[in-house]
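Chain residues, written in single-letter form:
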Amino acid sequence: SQTIHQWPATLVQPVGSPLSLECTVEGTSNPNLYWYRQAAGRGLQLLFYSVGIGQISSEVPQNLSASRPQDRQFILSSKKLLLSDSGFYLCAWSVPPFYVLTFGAGSRLTVL
Amino acid sequence: AQSVTQPDIHITVSEGASLELRCNYSYGATPYLFWYVQSPGQGLQLLLKYFSGDTLVQGIKGFEAEFKRSQSSFNLRKPSVHWSDAAEYFCAVGANTGGFKTIFGAGTRLFVKA
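Model, not experiment: these values are computed from the prediction. (Residues numbered from 1 in each chain as written. Chains lettered and ligands numbered in written order. Predicted model: local features only at pLDDT ≥ 70, side-chain atom pairs only at ≥ 80, totals over all residues. Heavy atoms only, no water.)

Undergrad: Honestly, the layout of surface pockets in this entry has me stumped. Any pointers?
TA: One way to see where empty space is left: roll a probe the size of a water molecule over the atoms. Roughly 170 Å³ of volume is contained in the largest pocket. As for the largest pocket, its lining consists of A:Arg37, A:Ala39, A:Arg42, A:Gly43, A:Leu44, A:Gln45, A:Leu46, A:Ser84, A:Ser86, B:Ile103 and B:Phe104. Contributing elements (two or more residues each) for the lining of the largest pocket: strand E4 (32-39) and strand E5 (43-52) of chain A together with strand E11 (100-104) of chain B. It is E5(A) that contributes the most residues to the lining of the largest pocket, four residues altogether. When its residues are assigned to classes, the lining of the largest pocket shows five nonpolar, four polar and two charged. (1 Å grid on protein atoms, 1.4 Å probe; cavity = no way out; pocket = protein on both sides within 12 Å on 5 of 7 lines; lining within 4 Å. Points joined across faces, edges and corners; volume = space filled by probe spheres on them. Helix = DSSP H or I, 4+ residues; strand = E, 2+ residues; numbered from the N terminus. Nonpolar A, V, L, I, M, F, W, Y, C, P; charged D, E, K, R; others polar.)

Quick look at the structure:
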């Protein structure tokens, strides 16, 4: 069966520190991978998506970047965190033809 | 680019009453439409989806939604709400534009009173 792992579950980081959130998918090949950020009252904001290894599309210019070093691994990074980067980050995957998203449990980031 | 509007930030209904959550989308072609639910402490789960065919689609937990192209709407309904339906509901629109993207609305939080 397909599963998605996301870690760490919670993270408290000082302003200016780096960030690395990881996501891995099991049980499927060549999935589309996504990073979303959820903020209260704003729904889920699509940050990045990837259709294959090394292929990253950015939806929102910001302080974050994403990478896909392997088919089923998706990483969200930042070199220097801002207060505004605080939030709940969700990784998800989908495959054609229906592109239903399957989400990870999420990573809650607090930047102090 | 596609977009989604959920005009109601929160809704309160009595247990046993009917429910309708509103969703309007913007997209030039026929979109893929979804409703997801996020229960307290739970992850996001698909309720139902529409791609083509019958405009009334059935989902899990007794939910249904109707696609109305003329109104660019995809409202979610349930005839009788249970206390366990209290959650946040997200409407989403997907499209294949050089890679499939799903864009979510801001969500509607449902409160159920006894």
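Undergrad: Sorry if this is basic, but what is going on with the pairing of strand E8 (residues 73-78) of chain A here?
TA: One face of the sheet, then the other: side chains in a regular strand alternate in exactly this way. Residues and elements named next belong to chain A. Counting buried positions along E8 yields five of six residues, so the element is predominantly enclosed. Taken together, the six bridges between strand E3 (residues 19-26) and E8 define a ladder with antiparallel strand orientation. When the bridges of E8 are listed, Leu19 appears paired with Ser78. Pairing of strand E7 (residues 65-70) with E8 involves four bridges; the strand directions are antiparallel. (Buried < 20%, exposed > 50% of the residue type's maximum accessible area, 1.4 Å probe, protein only. Pairing = 2+ DSSP bridges.)

Undergrad: When you look at the packing of aromatic side chains in this model, what are you seeing that I'm missing?
TA: Overall, the coordinates contain 20 aromatic pairs over all chains when judged by the stated rule. Pairing A:Trp35 with A:Phe74 gives two aromatic rings, centres 6.1 Å apart and planes at 25°, and the pair type is stacked. Placement of A:Trp35 in strand E4 and of A:Phe74 in strand E8 is noted, with a sequence separation of 39 residues between them. On the accessibility criterion, A:Trp35 (0% relative accessible area) is buried. Over the ring of A:Phe98 we find B:Lys49, and its NZ or CZ is 5.6 Å from the ring centre. (Phe/Tyr/Trp six-rings, centres within 6.5 Å; stacked < 30°, edge-to-face > 60°. Lys NZ or Arg CZ within 6 Å of the ring centre and 35° of its normal.)

Undergrad: It is not clear to me how the environment of B:Arg22 should be interpreted in this structure. Could you clarify?
TA: Residues and elements named next belong to chain B. By the secondary structure assignment, Arg22 is in the loop between strand E3 (19-21) and strand E4 (24-26). As for Arg22 and Gln6, which are separated by 16 residues in sequence, their C-alpha atoms are 5.9 Å apart. Of note is the side chain of Arg22, whose polar atom sits 2.9 Å from the side chain of Asp8. (Polar contact = N/O pair within 3.5 Å; in protein donor to acceptor, adjacent residues only side chain to side chain.)

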